[in-house]
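# Examining the three-dimensional arrangement
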Amino acid sequence: MRIAGKFPNVRLRRVRNSEWIRRLVSENNLSINDLILPIFVRDGSGIVESIKSMPGINRYSVDKLNLIMNKAKKYKIPMVALFPYTPKNKKDKFGTEALNKNNLICKSLKFIKKRYAGIGVMCDVALDPYTSHGHDGVIVNKKIDNDKTINILVKQALLQAEMGCDVIAPSDMMDGRVGAIRKALDKRNFKNVSILSYAAKYASSFYGPFRDAVGSKKNLKSDKKTYQMDFRNLNEAFREISLDIKEGADMVMVKPGLPYLDIIKSIKDNFKIPVFAYQVSGEYSLIKNGIKNKLINDEAILESLMAFKRAGASAIVTYFALEIASKIKKNTN
Ligand code: PBG
């Protein structure tokens, strides 16, 4: 690429001089169509409970989901992502509760699909919200057993599809799970249920507040480095992505977000598939607390989200979804 021109003929500040010209020459834009809203669900009724480690984010009992879903509908957020806060007494070594037809995710799916037909719902496929040890898979001889875990994940995905889930999102990082889930979905005639694979999911410290939000933090005694990716690697992400595409992923996710923009960009340039980014809980809480403590101002939210668009993300899972949607809507009125 050749950059033509020379000062003083060229003065780049001419295209920055006023707001209207900046709007005209802007290369990227964030729209509400880019946003996916994560929602935490808990048991009980009549409860909206704030999450300490994530200021401004709540857990909702199923009967209160309308409070947050009405906002998603008002702003025309295309999709929500559901995460359960499973009561301790329902957790066991095998994550059995993941397959309970009446678990929090199933109840939420029924509640939402009945009342908000126009909004897509995505569900995580992984066992960590349900296991007593906080891992995404089952443990055999002190190791996370890949193939035994897949057997359960397939059942979990089928149950979610049965309950009306639109987008199945395996976030567990077991090898071969996308293919197994696609095959099972097709066999049961869930041909229109799509798979968003957390293909490049790194073992990250930035998940801390989320683990607190779903109640797996205290249970987890070790890291997830035998299944989630090593943050030193890019080529490994290519291998993960190409396998998942072959196995039937419709969209792929890179996670965490901001520290991994290079991964998003490289994947976007090399694979012609929608790439989603996850601005994870740790990123959210750092920015949010920075704003709360007046270290930075709240324009940092848009700046952080625009970075994903620059890198080539088609959509972004972000806990800022409602906050930024309200701003976008105000600016376009
Ligand atoms: C579960 C899962 C995690 C996140 C989404 N799904 C945590 C983990 O893998 O430990 C993290 C999301 C966030 O931090 O916002 N497999």
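Residues numbered from 1 in each chain as written. Predicted model: local features only at pLDDT ≥ 70, side-chain atom pairs only at ≥ 80, totals over all residues. Heavy atoms only, no water.

Summed over all chains, the structure comprises 17 salt bridges. The closest approach of N and O atoms between Arg232 and Asp230, which form a salt bridge, is 2.8 Å. Judged by relative accessible area, which is 28%, Asp230 ranks as partly exposed. Here Asp269 and Lys265 are joined by a salt bridge, their closest N and O atoms 3.1 Å apart. Taken as a pair, Asp269 and Lys265 lie in helix 8 (residues 261-270) at a separation of four residues, close to a single helical turn. The class of Asp269 is partly exposed, set by a relative accessible area of 44%. Exposure remark for Lys265: the relative accessible area of 39% places this residue in the partly exposed category. Three or more residues joined by partner-sharing salt bridges are found here, namely Arg42, Asp43, Glu49 and Arg59. (Salt bridge = Lys/Arg side-chain N within 4 Å of Asp/Glu carboxyl O. Buried < 20%, exposed > 50% of the residue type's maximum accessible area, 1.4 Å probe, protein only. Helix = DSSP H or I, 4+ residues; strand = E, 2+ residues; numbered from the N terminus.)

Before going further, it helps to spend a moment on empty space enclosed by the protein. Scanning the entire structure with this criterion turns up three cavities of 30 Å³ or more. Asp128, Lys201, Tyr207, Phe210 and Lys255 are the residues nearest the centre of the largest cavity, which is lined by 17 residues in total. Listing elements by their share of the lining of the largest cavity, those giving two or more residues are strand 9 (194-201) and helix 6 (208-213). In the lining of the largest cavity, the residues fall into seven nonpolar, three polar and seven charged. Of the pockets and cavities examined, the second largest cavity occupies roughly 40 Å³. What lines the second largest cavity is Leu82, Pro84, Ile105, Asp124, Ala126, Pro129, Tyr130, Gln156 and Gln160. Among the elements of the structure, strand 4 (79-85) and helix 4 (146-162) are those that each provide at least two residues to the lining of the second largest cavity. (1 Å grid on protein atoms, 1.4 Å probe; cavity = no way out; pocket = protein on both sides within 12 Å on 5 of 7 lines; lining within 4 Å. Points joined across faces, edges and corners; volume = space filled by probe spheres on them. Nonpolar A, V, L, I, M, F, W, Y, C, P; charged D, E, K, R; others polar.)

If a probe the size of a water molecule is rolled over the atoms, the empty space left behind becomes visible. Looking at the largest pocket, its volume works out to about 1,000 Å³. Around the largest pocket sit 23 residues that line it, and Ser26, Asn28, Asn29, Leu302 and Met306 are the ones nearest its centre. Only helix 1 (19-25), helix 10 (299-311) and helix 11 (321-332) provide two or more residues apiece to the lining of the largest pocket. Residues that form the lining of the largest pocket fall into these classes: eight nonpolar, five polar and ten charged. Taken as a whole, the second largest pocket holds about 330 Å³ of empty space.

We now examine the pairing of strand 9. With eight of its eight residues buried, strand 9 lies for the most part within the structure. By the bridge criterion, two bridges tie strand 8 (residues 167-170) to strand 9 in an arrangement that is parallel. Paired with Val167 across the two strands is Ser194, which belongs to strand 9. Remark: the strand 8/helix 5 (residues 177-187)/strand 9 crossover connection has right-handed handedness. (Pairing = 2+ DSSP bridges. Right-handed = clockwise from strand over helix to strand, strands pointing away.)

This part covers the site of the ligand. Neighbouring the ligand are 17 residues; Lys201, Arg211, Lys255, Ser281 and Tyr319 lie closest to it. Asp124 is positioned such that a nitrogen or oxygen atom in its side chain is 2.8 Å from a nitrogen atom of the ligand. Side-chain polar atom of Ser281 to an oxygen atom of the ligand: 2.7 Å apart, as the coordinates give it. Protein contact buries 100% of the 390 Å² of open area that the ligand shows by itself. Spatially, the ligand is embedded in the largest cavity. Taken together, the residues of the shell around the ligand break down into seven nonpolar, three polar and seven charged. (Near = heavy atom within 4 Å. Polar contact = N/O pair within 3.5 Å; in protein donor to acceptor, adjacent residues only side chain to side chain. Areas by Shrake-Rupley, 256 points an atom, 1.4 Å probe, with all protein chains shown as cover. Sits in = over half its atoms within 2 Å of the grid points.)

Ranked by size, the top nonpolar core spans 114 residues in total, and within it Phe40, Met122 and Ile267 carry the most contacts. By residue number, the principal contributor to this core is helix 4, which donates eight residues. Among all residues touching Phe40, those that are not within four sequence positions of it are Ile51, Met54, Ile57, Asn58, Arg59, Tyr60, Phe83, Phe210, Ala213, Val214 and Tyr319. (Core = buried A, V, L, I, M, F, W, Y, C linked by side-chain atoms within 4.5 Å. Contact = heavy atoms within 4.5 Å.)

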